[in-house]
Amino acid sequence: MKKLLKHLTEAFGPSGYEDNIRKLVLAEVKPLADEIKVDALGNLIARKKPSKVTKDTKKIMIAAHMDEIGLMVSHVDENGFVRFSSIGGVFGKYVLGGRVRFLNGTHGVIGFDRFDKVNEMPPMDKIYIDVGATSKKDCPVKVGDVAAFDRPFVEMGNRLVAKSMDDRVGVLVAIETLRALKSTVHDVYFVFTTQEEVGTRGAATSAFGIDPDIGIAIDVTASADTPNAMKMEMVLGKGPCVKIRDSGALSDPRIVQWMIRTAEKKKIPYQREVLLFGGTDAHAMQMTRAGVPAGCLSVATRYVHSPSEMIDYTDLQNSVKLMTAILKTRIDL
(Lines give C-alpha, C1' and ligand atoms only; values in the text may rest on other atoms or scores of the structure.)
Protein backbone atom coordinates (compact mmCIF):
# COMPACT_ATOMS: atom_id res chain seq x y z
CA MET A 1 0.00 0.00 0.00
CA LYS A 2 2.89 2.38 0.68
CA LYS A 3 4.10 2.12 -2.91
CA LEU A 4 0.67 2.93 -4.30
CA LEU A 5 0.20 5.77 -1.81
CA LYS A 6 3.52 7.25 -2.93
CA HIS A 7 2.36 7.19 -6.57
CA LEU A 8 -1.00 8.71 -5.69
CA THR A 9 0.30 11.52 -3.47
CA GLU A 10 3.14 12.55 -5.76
CA ALA A 11 0.85 12.75 -8.80
CA PHE A 12 -0.54 16.09 -10.01
CA GLY A 13 -4.26 16.63 -9.50
CA PRO A 14 -5.73 19.93 -8.27
CA SER A 15 -9.51 20.34 -8.45
CA GLY A 16 -10.69 20.23 -12.05
CA TYR A 17 -7.41 18.68 -13.23
CA GLU A 18 -7.75 15.12 -11.92
CA ASP A 19 -6.84 13.32 -15.19
CA ASN A 20 -3.49 11.96 -13.96
CA ILE A 21 -4.99 10.59 -10.77
CA ARG A 22 -7.94 9.07 -12.58
CA LYS A 23 -5.56 7.15 -14.88
CA LEU A 24 -3.69 5.75 -11.87
CA VAL A 25 -6.90 4.75 -10.12
CA LEU A 26 -8.42 3.25 -13.26
CA ALA A 27 -5.41 0.97 -13.72
CA GLU A 28 -5.93 -0.35 -10.18
CA VAL A 29 -9.71 -0.81 -10.14
CA LYS A 30 -10.40 -1.98 -13.69
CA PRO A 31 -9.56 -5.65 -12.95
CA LEU A 32 -11.54 -5.53 -9.68
CA ALA A 33 -14.87 -3.96 -10.63
CA ASP A 34 -17.91 -5.39 -12.41
CA GLU A 35 -18.59 -2.07 -14.17
CA ILE A 36 -16.49 1.05 -14.82
CA LYS A 37 -17.77 4.47 -15.84
CA VAL A 38 -16.45 8.03 -16.05
CA ASP A 39 -19.20 10.64 -15.88
CA ALA A 40 -19.44 14.15 -17.31
CA LEU A 41 -17.65 15.78 -14.35
CA GLY A 42 -14.79 13.27 -14.44
CA ASN A 43 -15.86 11.10 -11.50
CA LEU A 44 -14.59 7.53 -11.84
CA ILE A 45 -17.31 5.07 -10.80
CA ALA A 46 -16.39 1.43 -10.12
CA ARG A 47 -19.33 -0.84 -9.31
CA LYS A 48 -19.14 -4.04 -7.27
CA LYS A 49 -22.37 -6.00 -7.69
CA PRO A 50 -23.89 -8.05 -4.86
CA SER A 51 -23.22 -11.77 -4.84
CA LYS A 52 -26.99 -12.25 -4.42
CA VAL A 53 -29.77 -9.70 -4.46
CA THR A 54 -32.08 -9.96 -1.44
CA LYS A 55 -34.47 -7.68 0.42
CA ASP A 56 -31.48 -6.61 2.53
CA THR A 57 -29.39 -5.49 -0.46
CA LYS A 58 -28.65 -1.76 -0.36
CA LYS A 59 -27.22 0.49 -3.03
CA ILE A 60 -24.20 2.05 -1.31
CA MET A 61 -22.07 4.89 -2.64
CA ILE A 62 -18.50 5.13 -1.34
CA ALA A 63 -16.94 8.51 -2.15
CA ALA A 64 -13.24 9.38 -1.98
CA HIS A 65 -12.10 12.55 -3.71
CA MET A 66 -9.18 12.51 -6.15
CA ASP A 67 -8.49 16.24 -6.20
CA GLU A 68 -6.05 18.22 -4.08
CA ILE A 69 -5.75 21.91 -3.24
CA GLY A 70 -3.79 24.01 -5.72
CA LEU A 71 -2.98 27.43 -7.16
CA MET A 72 -3.99 29.26 -10.34
CA VAL A 73 -2.06 32.08 -12.01
CA SER A 74 -4.04 35.32 -11.86
CA HIS A 75 -1.37 37.83 -12.99
CA VAL A 76 2.21 37.97 -14.27
CA ASP A 77 4.08 41.23 -13.68
CA GLU A 78 6.70 42.86 -15.91
CA ASN A 79 9.54 41.12 -14.06
CA GLY A 80 7.99 37.67 -14.45
CA PHE A 81 6.74 37.23 -10.89
CA VAL A 82 3.47 35.32 -10.70
CA ARG A 83 0.46 36.24 -8.56
CA PHE A 84 -2.06 33.51 -7.90
CA SER A 85 -5.47 32.63 -6.52
CA SER A 86 -6.15 29.51 -4.52
CA ILE A 87 -7.98 26.38 -5.60
CA GLY A 88 -9.56 25.12 -2.40
CA GLY A 89 -8.35 25.83 1.12
CA VAL A 90 -4.79 27.07 0.62
CA PHE A 91 -3.51 28.58 3.89
CA GLY A 92 -0.92 31.36 3.94
CA LYS A 93 0.81 29.95 7.02
CA TYR A 94 1.77 26.81 5.10
CA VAL A 95 2.77 28.07 1.66
CA LEU A 96 5.61 30.55 2.22
CA GLY A 97 8.90 29.13 0.96
CA GLY A 98 7.11 26.16 -0.55
CA ARG A 99 7.67 24.73 -3.99
CA VAL A 100 5.06 24.16 -6.64
CA ARG A 101 4.87 22.39 -9.99
CA PHE A 102 2.64 23.53 -12.83
CA LEU A 103 0.74 21.24 -15.16
CA ASN A 104 3.23 22.09 -17.94
CA GLY A 105 6.15 20.96 -15.74
CA THR A 106 7.36 24.41 -14.67
CA HIS A 107 8.67 24.60 -11.10
CA GLY A 108 8.26 27.60 -8.82
CA VAL A 109 9.10 28.88 -5.34
CA ILE A 110 6.55 30.79 -3.26
CA GLY A 111 8.11 34.00 -1.96
CA PHE A 112 7.55 37.18 0.04
CA ASP A 113 10.10 40.00 0.11
CA ARG A 114 9.34 42.00 3.28
CA PHE A 115 12.20 41.11 5.63
CA ASP A 116 10.99 43.62 8.21
CA LYS A 117 7.97 41.40 8.88
CA VAL A 118 9.52 37.95 8.82
CA ASN A 119 7.61 36.79 11.90
CA GLU A 120 4.22 37.81 10.57
CA MET A 121 2.04 35.77 8.24
CA PRO A 122 1.71 37.82 5.04
CA PRO A 123 -1.67 38.16 3.34
CA MET A 124 -2.12 35.95 0.31
CA ASP A 125 -2.20 38.92 -2.06
CA LYS A 126 1.35 39.85 -1.03
CA ILE A 127 2.78 36.42 -1.85
CA TYR A 128 4.06 35.49 -5.31
CA ILE A 129 5.56 32.57 -7.21
CA ASP A 130 9.09 32.89 -8.59
CA VAL A 131 9.44 30.65 -11.66
CA GLY A 132 12.92 31.89 -12.56
CA ALA A 133 11.68 34.32 -15.20
CA THR A 134 13.29 37.72 -15.79
CA SER A 135 10.34 39.32 -17.56
CA LYS A 136 6.72 38.77 -18.46
CA LYS A 137 7.86 37.79 -21.95
CA ASP A 138 10.02 34.87 -20.84
CA CYS A 139 7.69 33.66 -18.05
CA PRO A 140 6.87 29.98 -18.78
CA VAL A 141 3.35 30.19 -17.32
CA LYS A 142 0.34 32.35 -18.13
CA VAL A 143 -2.89 33.48 -16.53
CA GLY A 144 -5.10 30.46 -15.83
CA ASP A 145 -2.26 27.94 -15.52
CA VAL A 146 -2.61 25.60 -12.54
CA ALA A 147 -0.02 24.41 -10.00
CA ALA A 148 0.10 21.96 -7.10
CA PHE A 149 2.51 21.74 -4.19
CA ASP A 150 5.63 19.74 -4.96
CA ARG A 151 6.85 17.54 -2.11
CA PRO A 152 8.10 13.93 -2.06
CA PHE A 153 6.47 11.10 -0.12
CA VAL A 154 8.57 10.16 2.92
CA GLU A 155 8.41 7.53 5.67
CA MET A 156 9.14 8.59 9.26
CA GLY A 157 8.94 5.34 11.14
CA ASN A 158 5.27 4.37 11.19
CA ARG A 159 4.27 7.87 10.09
CA LEU A 160 3.88 8.71 6.41
CA VAL A 161 4.20 12.28 5.11
CA ALA A 162 3.24 13.72 1.73
CA LYS A 163 1.32 16.48 0.05
CA SER A 164 -2.25 15.56 -0.94
CA MET A 165 -2.80 12.88 1.70
CA ASP A 166 -6.12 14.74 1.56
CA ASP A 167 -7.59 12.74 0.01
CA ARG A 168 -5.32 10.26 -1.75
CA VAL A 169 -5.47 8.35 1.55
CA GLY A 170 -9.22 7.94 1.04
CA VAL A 171 -8.63 6.96 -2.58
CA LEU A 172 -6.19 4.28 -1.45
CA VAL A 173 -8.58 2.96 1.22
CA ALA A 174 -11.34 2.71 -1.41
CA ILE A 175 -9.05 0.90 -3.88
CA GLU A 176 -7.78 -1.56 -1.27
CA THR A 177 -11.31 -2.17 0.04
CA LEU A 178 -12.47 -3.01 -3.48
CA ARG A 179 -9.47 -5.31 -3.82
CA ALA A 180 -10.28 -7.09 -0.55
CA LEU A 181 -14.04 -7.27 -1.15
CA LYS A 182 -14.38 -10.66 -2.82
CA SER A 183 -18.15 -10.64 -2.26
CA THR A 184 -20.76 -8.35 -0.71
CA VAL A 185 -24.46 -8.40 0.09
CA HIS A 186 -24.70 -4.83 -1.18
CA ASP A 187 -24.59 -3.12 -4.57
CA VAL A 188 -21.54 -0.92 -4.01
CA TYR A 189 -20.47 2.03 -6.13
CA PHE A 190 -16.90 3.15 -5.40
CA VAL A 191 -16.80 6.74 -6.65
CA PHE A 192 -13.49 8.55 -6.98
CA THR A 193 -14.84 12.07 -7.04
CA THR A 194 -13.65 15.35 -8.53
CA GLN A 195 -13.67 18.93 -7.26
CA GLU A 196 -14.35 18.17 -3.59
CA GLU A 197 -11.98 20.92 -2.45
CA VAL A 198 -14.02 23.57 -4.24
CA GLY A 199 -17.47 22.53 -3.03
CA THR A 200 -18.02 18.72 -3.19
CA ARG A 201 -19.13 19.13 -6.79
CA GLY A 202 -18.22 15.69 -8.10
CA ALA A 203 -19.97 13.92 -5.23
CA ALA A 204 -23.11 15.99 -5.82
CA THR A 205 -23.43 15.06 -9.48
CA SER A 206 -22.42 11.40 -9.11
CA ALA A 207 -24.77 10.88 -6.16
CA PHE A 208 -27.61 12.35 -8.20
CA GLY A 209 -26.85 9.87 -10.99
CA ILE A 210 -26.41 6.81 -8.75
CA ASP A 211 -29.29 7.65 -6.35
CA PRO A 212 -27.89 5.49 -3.51
CA ASP A 213 -29.69 4.18 -0.44
CA ILE A 214 -26.63 4.97 1.70
CA GLY A 215 -23.63 7.26 1.24
CA ILE A 216 -20.24 6.88 2.94
CA ALA A 217 -17.36 9.28 2.38
CA ILE A 218 -13.74 8.29 3.04
CA ASP A 219 -11.58 11.30 3.87
CA VAL A 220 -8.99 12.69 6.25
CA THR A 221 -9.79 14.51 9.46
CA ALA A 222 -7.69 16.90 11.51
CA SER A 223 -5.90 15.25 14.42
CA ALA A 224 -5.75 16.89 17.85
CA ASP A 225 -2.54 15.35 19.16
CA THR A 226 -0.06 18.18 18.61
CA PRO A 227 0.97 20.89 21.11
CA ASN A 228 -1.86 23.37 21.71
CA ALA A 229 -4.23 21.56 19.34
CA MET A 230 -8.00 22.15 19.46
CA LYS A 231 -9.89 20.08 22.01
CA MET A 232 -10.93 17.12 19.86
CA GLU A 233 -10.52 13.34 20.24
CA MET A 234 -8.86 12.33 16.97
CA VAL A 235 -5.21 11.20 17.22
CA LEU A 236 -2.76 9.34 15.01
CA GLY A 237 -2.37 5.62 15.57
CA LYS A 238 -5.63 4.93 17.43
CA GLY A 239 -7.58 3.62 14.44
CA PRO A 240 -9.98 4.97 11.81
CA CYS A 241 -12.39 7.71 12.90
CA VAL A 242 -16.14 7.19 12.68
CA LYS A 243 -17.49 10.65 11.95
CA ILE A 244 -20.46 11.80 14.00
CA ARG A 245 -20.49 15.40 12.79
CA ASP A 246 -18.52 18.17 11.12
CA SER A 247 -19.43 21.59 9.74
CA GLY A 248 -21.04 20.10 6.64
CA ALA A 249 -23.00 17.10 7.87
CA LEU A 250 -24.50 15.26 10.78
CA SER A 251 -23.91 11.56 10.16
CA ASP A 252 -26.97 9.36 10.23
CA PRO A 253 -26.94 7.70 13.71
CA ARG A 254 -27.88 4.33 12.20
CA ILE A 255 -24.80 4.42 9.97
CA VAL A 256 -22.60 5.53 12.88
CA GLN A 257 -23.82 2.56 14.94
CA TRP A 258 -23.42 0.18 11.97
CA MET A 259 -19.78 1.21 11.67
CA ILE A 260 -19.10 1.07 15.41
CA ARG A 261 -20.80 -2.31 15.87
CA THR A 262 -18.75 -3.73 13.01
CA ALA A 263 -15.49 -2.34 14.42
CA GLU A 264 -16.20 -3.77 17.87
CA LYS A 265 -17.28 -7.15 16.52
CA LYS A 266 -14.14 -7.44 14.39
CA LYS A 267 -11.94 -6.00 17.16
CA ILE A 268 -10.74 -3.17 14.92
CA PRO A 269 -9.65 -0.06 16.86
CA TYR A 270 -11.71 3.03 16.05
CA GLN A 271 -12.25 6.60 17.24
CA ARG A 272 -15.41 8.66 17.58
CA GLU A 273 -15.03 11.84 15.53
CA VAL A 274 -16.60 15.21 16.15
CA LEU A 275 -14.79 17.65 13.85
CA LEU A 276 -15.22 21.31 14.73
CA PHE A 277 -14.64 22.60 11.19
CA GLY A 278 -14.53 21.41 7.59
CA GLY A 279 -16.62 18.96 5.60
CA THR A 280 -16.52 16.02 3.19
CA ASP A 281 -18.37 14.46 0.27
CA ALA A 282 -20.86 13.13 2.84
CA HIS A 283 -22.52 16.55 2.80
CA ALA A 284 -23.17 16.38 -0.95
CA MET A 285 -24.47 12.81 -0.79
CA GLN A 286 -26.73 13.62 2.15
CA MET A 287 -28.36 16.48 0.24
CA THR A 288 -28.86 14.81 -3.14
CA ARG A 289 -32.34 14.29 -4.61
CA ALA A 290 -34.76 13.66 -1.71
CA GLY A 291 -31.91 13.00 0.74
CA VAL A 292 -29.58 10.07 1.49
CA PRO A 293 -28.54 8.67 4.89
CA ALA A 294 -24.80 9.36 4.99
CA GLY A 295 -21.72 8.91 7.12
CA CYS A 296 -17.96 9.10 6.85
CA LEU A 297 -14.89 7.05 7.71
CA SER A 298 -11.90 9.32 8.38
CA VAL A 299 -8.15 8.93 8.74
CA ALA A 300 -6.62 11.22 11.38
CA THR A 301 -4.09 13.55 9.75
CA ARG A 302 -1.71 16.18 11.05
CA TYR A 303 -1.09 19.45 9.18
CA VAL A 304 -4.16 19.14 6.91
CA HIS A 305 -4.02 21.34 3.79
CA SER A 306 -0.28 21.80 4.15
CA PRO A 307 2.35 20.44 1.72
CA SER A 308 3.38 17.92 4.42
CA GLU A 309 0.33 16.06 5.68
CA MET A 310 1.06 13.20 8.11
CA ILE A 311 -0.81 9.95 8.78
CA ASP A 312 -0.12 6.75 10.71
CA TYR A 313 0.29 3.58 8.64
CA THR A 314 -1.66 1.39 11.07
CA ASP A 315 -4.63 3.75 10.75
CA LEU A 316 -4.49 3.20 7.00
CA GLN A 317 -4.42 -0.58 7.39
CA ASN A 318 -7.26 -0.61 9.91
CA SER A 319 -9.35 1.71 7.74
CA VAL A 320 -9.22 -0.85 4.93
CA LYS A 321 -10.13 -3.64 7.36
CA LEU A 322 -13.08 -1.70 8.76
CA MET A 323 -14.39 -0.51 5.40
CA THR A 324 -14.21 -4.05 4.02
CA ALA A 325 -15.99 -5.48 7.07
CA ILE A 326 -18.72 -2.83 6.90
CA LEU A 327 -19.53 -3.66 3.29
CA LYS A 328 -19.84 -7.36 4.12
CA THR A 329 -22.34 -6.62 6.88
CA ARG A 330 -26.07 -6.12 6.49
CA ILE A 331 -27.68 -2.89 7.69
CA ASP A 332 -31.28 -2.28 8.61
CA LEU A 333 -32.38 1.27 7.83
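In what follows, the structure referred to is the one given above.
What you see is a predicted model; the values in this text were computed from it and never measured.

*Asks:* Help me out: how do you make sense of the layout of surface pockets in this one?
*Replies:* Any space left empty among the atoms is revealed by the rolling of a water-sized probe across them. The volume enclosed by the largest pocket comes to roughly 620 Å³. Forming the walls of the largest pocket are 31 residues, and the residues nearest its centre are Phe91, Ala222, Phe277, Val304 and His305. Counting only elements with at least two residues in the lining of the largest pocket, the list comes to α3 (92–95) and β13 (214–222). When residues in the lining of the largest pocket are grouped by element, the largest group, four residues, is from β13. For the lining of the largest pocket, the per-class residue count stands at 12 nonpolar, 11 polar and eight charged. In this structure, the second largest pocket encloses a volume near 160 Å³. As for the second largest pocket, its lining consists of Glu35, Ile36, Lys37, Asp39, Ile45, Arg47, Tyr189, Thr205, Ser206, Gly209 and Ile210.

*Asks:* Would you take a moment to explain the sheet that holds strand β10 (residues 154–156) for this structure?
*Replies:* One open sheet holds the three strands; their spatial order is β10-β11-β17, and the pairing between them is antiparallel. Sheet topology places β10 and β17 (309–312) at the edges, where each strand pairs with a single neighbour. Averaged over all pairs of adjacent strands, the angle between their axes in this sheet comes to 30 degrees, without regard to strand direction. Both strand β11 (residues 159–162) and β17 contribute to a ladder of four bridges, which runs antiparallel. Residue pairing in the sheet places Val161 in a bridge with Met310 of β17. Relative to the sheet, helix α8 (residues 313–327) contacts β11 and β17, its axis offset from that of β17 by approximately 65 degrees.

*Asks:* Teacher, can you tell me more about the side chain of Asp252 here?
*Replies:* Tracing the backbone through its elements, the reader meets Asp252 in the loop between β14 (241–245) and α6 (253–265). Judged by its relative accessible area of 13%, Asp252 falls in the buried class. Looking at Asp252, its side chain comes within polar contact range of the main-chain nitrogen of Arg254, at 2.9 Å. Filtering out sequence-adjacent residues up to four positions away, Asp252 remains in contact with Pro293 and Ala294.

*Asks:* Is there a simple way to think about the nonpolar core in this case?
*Replies:* One broad trend across soluble globular proteins is that nonpolar side chains are buried collectively. Core analysis: the largest hydrophobic core is formed by 52 residues, its most contacted members being Leu5, Val25, Ile62, Val169, Phe190 and Phe192. Per element, the largest residue contribution to this core is eight residues, and it comes from helix α4 (residues 165–180). In contact with Leu5, not counting residues within four places along its chain, are Phe153, Leu160, Met165, Arg168, Val169, Leu172, Ile311 and Leu316.

*Asks:* How should empty space enclosed by the protein be read in this particular structure?
*Replies:* In total, this model carries one cavity of 30 Å³ or more according to the counting rule given. What the largest cavity holds in volume is close to 70 Å³. The wall of the largest cavity is formed by Glu68, Ile69, Phe149, Lys163, Ser164, Asp166, Glu197, His305, Ser306 and Glu309.

*Asks:* In this structure, what is going on with the sheet that holds β13? I would like to understand it.
*Replies:* If you trace the eight strands from one edge of the open sheet to the other, you get β1-β2-β12-β3-β13-β16-β14-β15, paired in mixed fashion. At either end of the open sheet lies a strand with only one pairing partner, and these are β1 (35–38) and β15 (271–274). On average, each strand axis in the sheet is tilted by 25 degrees relative to the strand beside it, whichever way the strands run. As defined by bridge partners, strand β3 (residues 59–65) adjoins β13 across four bridges and the pair is classed as parallel. Pairing of Ile62 across the sheet is with Ile216, part of β13. Strand contacts of helix α2 (residues 19–29): β1, β2 (44–48) and β12 (187–193), with the helix running at about 15 degrees to β2, the strand carrying the most contacts.

What counts and how
Residues numbered from 1 in each chain as written. Predicted model: local features only at pLDDT ≥ 70, side-chain atom pairs only at ≥ 80, totals over all residues. Heavy atoms only, no water. 1 Å grid on protein atoms, 1.4 Å probe; cavity = no way out; pocket = protein on both sides within 12 Å on 5 of 7 lines; lining within 4 Å. Points joined across faces, edges and corners; volume = space filled by probe spheres on them. Helix = DSSP H or I, 4+ residues; strand = E, 2+ residues; numbered from the N terminus. Nonpolar A, V, L, I, M, F, W, Y, C, P; charged D, E, K, R; others polar. Pairing = 2+ DSSP bridges. Axes fitted to C-alpha atoms, helices over the stretch in contact; angles between N-to-C directions. Contact = heavy atoms within 4.5 Å. Buried < 20%, exposed > 50% of the residue type's maximum accessible area, 1.4 Å probe, protein only. Polar contact = N/O pair within 3.5 Å; in protein donor to acceptor, adjacent residues only side chain to side chain. Core = buried A, V, L, I, M, F, W, Y, C linked by side-chain atoms within 4.5 Å.

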